Amino acid sequence: MQRLLFPPLKAVMGSPCLRLLIPGAAPRTQCGCSCGIRRPLRPGQYSTISEVALQPGRGTVSQPSKAAERVVGRWLLVCSGTVAGAVILGGVTRLTESGLSMVDWHLIKGIKPPTSQEEWEAEFQKYQQFPEFKILNHDMTLAEFKFIWYMEYSHRMWGRLVGLAYILPAAYFWRKGWLTHGLKGRVLALCGLVCFQGLLGWYMVKSGLAEKPDSHDIPRVSQYRLAAHLGSALVLYCASLWTSFSLLLPQHKLPETRQLLRLRRFAHGTAGLVFLTALSGAFVAGLDAGLVYNSFPKMGESWIPEDLFTFSPLLRNVFENPTTVQFDHRILGITSVAAITALYFLSRRIPLPRRTKIAAVTLLALAYTQVGLGISTLLMYVPTPLAATHQSGSLAVLSAALWLMSELRRVPK
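Fair warning: this is a prediction, and the values are worked out from it, not measured in the lab. (Residues numbered from 1 in each chain as written. Predicted model: local features only at pLDDT ≥ 70, side-chain atom pairs only at ≥ 80, totals over all residues. Heavy atoms only, no water.)

Let us look at the overall build of the chain. Across its full length, the chain carries 15 helices and zero strands. Counting the 413 residues in the chain, one finds 42% classified as buried. Counting only contacts in the chain whose residues sit at least 6 apart along the sequence, the fraction spanning at least 24 positions is 75%. For the chain, the accessible surface area stands at approximately 23400 Å², while carbon and sulfur atoms represent 66% of it. (Helix = DSSP H or I, 4+ residues; strand = E, 2+ residues; numbered from the N terminus. Buried < 20%, exposed > 50% of the residue type's maximum accessible area, 1.4 Å probe, protein only. Contact = heavy atoms within 4.5 Å. Areas by Shrake-Rupley, 256 points an atom, 1.4 Å probe, with all protein chains shown as cover.)

Among the structural elements, Arg94 can be located in helix H5 (residues 66-95). One polar contact links Arg94 to Asp288, side chain to side chain, over a distance of 3.3 Å. (Polar contact = N/O pair within 3.5 Å; in protein donor to acceptor, adjacent residues only side chain to side chain.)

Right, let's talk about the confidence of the model for the chain for a bit. For the chain, per-residue confidence averages 86 on the pLDDT scale, and 84% of positions sit at 70 or higher. Counting interchain partners and residues more than four positions distant, the pLDDT-below-50 stretch residues 1-61 has 43 contacts. (pLDDT = per-residue confidence, 0-100.)

Where H5 meets helix H15 (residues 384-407), the closest approach of the two axes is 9 Å, and the angle between their N-to-C directions is 150 degrees. If you check the angle between H5 and H15, you find them roughly antiparallel. Handedness of the crossing formed by H5 with H15: right-handed. For the pair formed by H5 and H15, the contact residues are Ala84, Val87, Ile88, Gly91, Val92 and Leu95 on the first element and Thr384, Ala387, Ala388, Gln391, Ser392 and Leu395 on the second. Residues of the contact of H5 with H15, tallied by class, amount to eight nonpolar, four polar and no charged. (Axes fitted to C-alpha atoms, helices over the stretch in contact; angles between N-to-C directions. Parallel < 35°, antiparallel > 145°, perpendicular 65-115°, else oblique. Left-handed = near helix turned anticlockwise from the far one by under 90°. Nonpolar A, V, L, I, M, F, W, Y, C, P; charged D, E, K, R; others polar.)

Attention shifts here to the packing of aromatic side chains. All told, the structure shown has 19 aromatic pairs when counted by the stated rule. Summarising the aromatic geometry, the rings of Tyr224 and Phe319 are spaced 6.0 Å apart at their centres and angled 45 degrees between planes, so their arrangement reads as tilted. In this pair, Tyr224 sits in helix H10 (residues 223-248) while Phe319 sits in helix H12 (residues 316-320), placing the two residues 95 residues apart along the sequence. By relative accessible area, which is 30% here, Phe319 ends up partly exposed. Feature note: the residues Trp120, Phe124, Tyr127, Phe133, Phe145, Trp149, Tyr150 and Tyr153 constitute an aromatic cluster, connected by ring pairs. (Phe/Tyr/Trp six-rings, centres within 6.5 Å; stacked < 30°, edge-to-face > 60°.)

Here we come to H10. Taking 1.5 Å of rise per residue, 26 residues should cover 38 Å, and H10 covers 37 Å from first to last C-alpha, within 8% of that figure. Two or three places before Tyr224, at the opening of H10, Ser222 has a side-chain oxygen 3.2 Å from that residue's backbone nitrogen. (Expected span 1.5 Å × (residues − 1).)

Core analysis: the biggest nonpolar cluster contains 82 residues, and Val72, Trp75, Tyr127, Phe145, Tyr166, Leu363 and Leu408 have the highest contact counts within it. By residue number, the principal contributor to this core is H10, which donates eleven residues. Each residue touching Phe145, except ones within four places of it in the same chain, is listed here: Ser101, Trp120, Glu123, Phe124, Tyr127 and Met140. (Core = buried A, V, L, I, M, F, W, Y, C linked by side-chain atoms within 4.5 Å.)

Here we take up the pattern of salt bridges. This structure, assessed with the given rule, holds twelve salt bridges. Residue Arg94 is joined to Asp288 by a salt bridge in which the shortest nitrogen-to-oxygen separation is 3.3 Å. Taken together, the residues Arg94 in helix H5 and Asp288 in the loop between helix H11 (258-286) and H12 connect sequence positions 194 residues apart. Owing to a relative accessible area of 21%, Asp288 belongs among the partly exposed residues under this scheme. Across the pair Lys126 and Glu123 runs a salt bridge, and its minimum N-O distance is 3.5 Å. Residue Lys126 and its partner Glu123 are located together in helix H6 (residues 117-127), separated by three residues, close to a single helical turn. Given a relative accessible area of 11%, Glu123 falls into the buried group. (Salt bridge = Lys/Arg side-chain N within 4 Å of Asp/Glu carboxyl O.)

Evaluated as defined, the whole model comprises zero disulfides. Cys79 carries a free sulfur, and the closest cysteine sulfur to it, the one in Cys191, is 8.0 Å from it. On the basis of relative accessibility, which here comes to 1%, the residue Cys79 falls in the buried class. (Disulfide = S-S within 2.5 Å.)

Moving on: unusual backbone geometry. Here Phe296 and Pro297 are connected by a cis peptide whose omega angle stands at 5 degrees. Among the structural elements, Pro297 can be located in the loop between H11 and H12. Residue Pro313 is reached from Ser312 by a cis peptide bond, and omega for that bond is 0 degrees. Residues other than glycine seldom take positive phi values, yet Val382 does so here, at roughly 55 degrees. Mapping Val382 onto the fold places it in the loop between helix H14 (354-379) and H15.

Moving on to a nonpolar patch on the surface. Residues Trp105, Leu107, Ile108, Ile111 and Leu199 make up a contiguous nonpolar surface patch of roughly 500 Å² in combined accessible area. For Ile108, the position within the fold is in the loop between H5 and H6. (Patch = residues over 30% accessible without salt bridge, like charges linked within 9 Å, V, L, I, M, F, W, Y side chains within 5 Å.)

If you want it as structure tokens, here you go:
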């Protein structure tokens with residue numbers, strides 16, 4: 001019994017299993033001598049403690065593999081695409097003046113659309129109790145109401161799809177252990193921002209449903225809330241796309257020269273300017289500022305219109321005066337294109353990888369295309385298809401700016 005419970009110490013110390021756990025040790029040949037010749041390891045054998053520990057089920061949690069990182073990166077790329085779709089669909093909803101057609105919000109109950117004539121008439125009667133119908137659409141038919149209702153319904157259902165696209169795969173990848181510690185925090189922030197975005201959307205809609213006895217303007221949502229709603233969507237889009245690029249695109253080991261540092265900083269500033277220009281478009285849409293001064297490059301007969309600062313206090317013009325809002329959007333757009341052009345020529349002075357050069361050329365081409373779309377939209381009095389394309393172009397320019405930033409990011413030491 002003693003032999004079974006307490007084997008000789010020499011036998012234990014000389015066992016191959018223990019030698020596998022000693023760094024640098026390996027089983028010797030079974031030749032009966034101490035010649036020191038190492039035997040090649042068979043599949044499944046490990047020569048160090050760290051190699052054993054990294055195996056699943058051997059005491060420590062394994063780190064996500066490169067294949068898992070690519071899957072997560074592709075998932076976030078798809079998620080950013082769904083956010084882009086929501087932004088574009090939201091822009092079309094605003095252009096068709098459909099955003100106030102659904103006067104209540106229910107997360108689950110709101111999924112089912114009206115199916116019978118009675119349900120449609122009940123929905124239409126609810127809409128008739130709010131300012132948009134009383135002031136703007138008092139002669140609207142049920143068929144016309146169905147069109148704007150389905151536009152807003154599509155936007156809300158797409159928003160629910162975006163939420164599912166983030167939350168369900170995030171829970172799955174978390175459970176599988178495919179998210180690093182840093183990535184877990186970022187994914188949690190993205191999922192939280194998705195939920196916040198939905199609440200912010202309803203908060204925006206409520207501003208257009210409120211009665212305003214002292215106002216003679218047509219009912220519309222608050223341009224401040226619209227800008228907040230768009231801004232949070234753009235932050236969600238940029239964060240998802242940037243994280244996807246960091247997981248999918250291998251980093252370039254560029255020499256850290258003064259020129260490269262300057263180019264990297266200029267790229268960051270340019271991306272911020274593009275973001276600000278896109279955000280200013282929310283104020284243009286919220287105030288229908290694209291319908292004033294439909295001429296270019298002058299605004300009417302002058303470069304600076306006379307009603308640029310008619311509101312008091314002065315700062316109020318920046319956010320509430322349609323003339324000032326359009327003027328600011330023009331200036332930001334022109335400045336963005338000038339910055340992107342300078343960024344392109346600055347990038348040509350530095351030897352960069354081919355993929356980085358393609359990113360710079362793509363950004364330049366998209367920026368000038370976006371300017372052409374914006375001018376055409378203005379001159380043609382904001383037709384819905386062209387205006388929607390212009391809004392989509394802002395996302396394309398922002399994506400190219402992020403791509404170039406990703407190409408120039410610093411390689412960690």
